[in-house]
Every structure is written in C-alpha cells, then in structure tokens.
Amino acid sequence: LDVEGDTREERRLRRFAYLTSCLRTSRAGGYTYYEGMASVALSELLTDSARLAHIAHQRPRSMAQLLTDVGLPDTPLASSVASMTLVVDAQQLLATYGDRYGAMNAAIQQASLHNHAGRFEASLAILDTLTTILIPDAQARRHEEMSVAYAGLGDKSSSDHHRNLYLDILES
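So, here's what we can say about the structure. (Residues numbered from 1 in each chain as written. Predicted model: local features only at pLDDT ≥ 70, side-chain atom pairs only at ≥ 80, totals over all residues. Heavy atoms only, no water.)

## What to know about the overall build of the protein chain
As a reminder of what qualifies: Numbering of helices and strands runs from the N terminus, with a helix taken as a DSSP run of H or I at least four residues long and a strand as a DSSP run of E at least two residues long. What the globule rule says is 2.2 Å times the number of residues to the power 0.38, and the radius of gyration is computed from C-alpha atoms. A simple rule labels every residue: compare its accessible area, found with a 1.4 Å probe on the protein chains alone, to the largest value its type can have, and call it buried under 20%, exposed over 50%, or partly exposed in between. Whether two residues are in contact is decided by their heavy atoms: any pair within 4.5 Å suffices. Reported accessibility uses the Shrake-Rupley method at a 1.4 Å probe radius. Residues are deemed covered only where the shown protein chains occlude them. A positive count includes Lys and Arg, and a negative count includes Asp and Glu. His and the chain ends are not counted in either. Charge positions come from single atoms, namely NZ of Lys, CZ of Arg, CG of Asp or CD of Glu.
A count of helical and extended segments in the protein chain gives 9 helices and 0 strands. The linear arrangement of helices and strands in the protein chain, starting from the amino end, is α-α-α-α-α-α-α-α-α. Here the C-alpha atoms of the protein chain give a radius of gyration of 17 Å, agreeing with the 16 Å that 2.2 N^0.38 yields for 172 residues. Dimensions along the principal axes, computed over C-alpha positions, put the protein chain at roughly 45 × 35 × 35 Å. Across the 172 residues that make up the protein chain, the buried fraction comes to 40%. Once local pairs closer than 6 in sequence are excluded, the contacts in the protein chain between residues at least 24 apart make up 51%. Accessible area for the protein chain stands at about 9,400 Å²; split by element, carbon and sulfur atoms hold 52% of it. Across the protein chain, the mean location of the 16 positive side-chain charges is 5 Å away from that of the 21 negative side-chain charges.

Listed below in structure tokens is the structure:
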C-alpha cells in the first residue's frame, strides 16, 4: 500500500479504499473474521476528525457507501459515529468467530473512542471488563487507555498508577 514519494494523505486514501473493499468482500463471502478485522482497522483510520473529514471530502461516494453498509445515513453526524459503529460491530463479529484477542482489541479501541470523545466513565466501564488479559501488548493498551480516562476524570493518582503499569509492561 505504501509507495515511496506518496503523501501521508494519499496513503490514507489508499488504505481506506483497501479496507472498505475488504469489508464489502468479507461481508459478501461470509468471512466473519476478516469483516471484523477490517471493521477495527477502519474504525482506527476514521477516529481522527480531521482525517475523517479529509477522507469524506476526497472520497464522498466511498464514504456514503461505507455509511450505508454499516446502517447509517449519509450525513456528517453519521460519519462522526461511524468509528464507534464499526468497532462495536467488530467486537461482536470477532467474539462470535471465537477470536477473544481480536474482540478484546476491538473493546480497547471502543474504550479509546470513548476517551477521545470525553466519555471517560464509559471507557472505564469497558476497560474494567477486561481484567483477565494475559497478552502483554493488550495489557499495555488497556493500562494506557485507563490512564487517559482517569486523567480525563481528574484522578491523577489512578492515572499515574496506570501510566506506570503501562510503562513497566513496555520495558519488560
């Protein structure tokens, strides 16, 4: 997907095209795992509002089709909730498929979206359900998001605690 000399925006547009194609193809073929993974990746790509606006401006028909595919109307408000819709769908798809790690990563992405939107309590509610994570990189992501959520709530002590746990995992 990356070609030397391309701009970051061109790579993002190509990635968007690739992921939307993957999502449509996996849905049509009944490939639950790939549908879930494409949904998580699209959610991550569309999280940033400036990036979302750029993609929607440069690829309006593709964005409209994506919104239709996930059951949303083609409106600016729907575009802004597309990330959450995609990741919630992904979590359910991956859990149904039996990929606990993928479903857990989708849940952490969902918590990250809540943090990004200032809904810190909702983020913590999701993250608190993920207490049996054994995979170090997932533990690190969970503690990173918990640190952000607690910081958003003004709980510096808890934020620092989870930030330290995050850093300890990265160093090990």
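Further notes follow.
## As for the nonpolar core
Basically, it comes down to this: Side-chain atoms within 4.5 Å are what join buried Ala, Val, Leu, Ile, Met, Phe, Trp, Tyr and Cys residues into a set we call a nonpolar core.
In this structure, Phe16, Leu42, Leu46, Ile55, Met63, Leu66 and Leu86 are the most contacted members of the largest nonpolar core, which totals 19 residues. Counting residues in each nonpolar core, the second largest holds 14 residues, with Ala111, Ile133, Ala138 and Met146 among its members.

## Describing the packing of aromatic side chains
In plain terms, the rule: Any two rings among Phe, Tyr and Trp, with Trp reduced to its six-membered ring, count as a pair given centres within 6.5 Å; such a pair is stacked if its planes are under 30 degrees apart, edge-to-face if over 60, and tilted if neither.
The final tally for this structure, using the stated rule, is 2 aromatic pairs. Arranged with centres 5.2 Å apart and planes meeting at 80°, the rings of Tyr33 and Tyr34 form a pair that is edge-to-face. Residues Tyr33 and Tyr97 carry aromatic rings whose centres are separated by 5.3 Å and whose planes lie at 40° to one another, so their mutual orientation is tilted. Residue Tyr33 is located in helix 2 (residues 32-45), and its partner Tyr97 is located in helix 5 (residues 76-97); the two are separated by 64 residues in the primary sequence. Through a chain of ring-to-ring contacts, three or more aromatic side chains come together here, namely Tyr33, Tyr34 and Tyr97.

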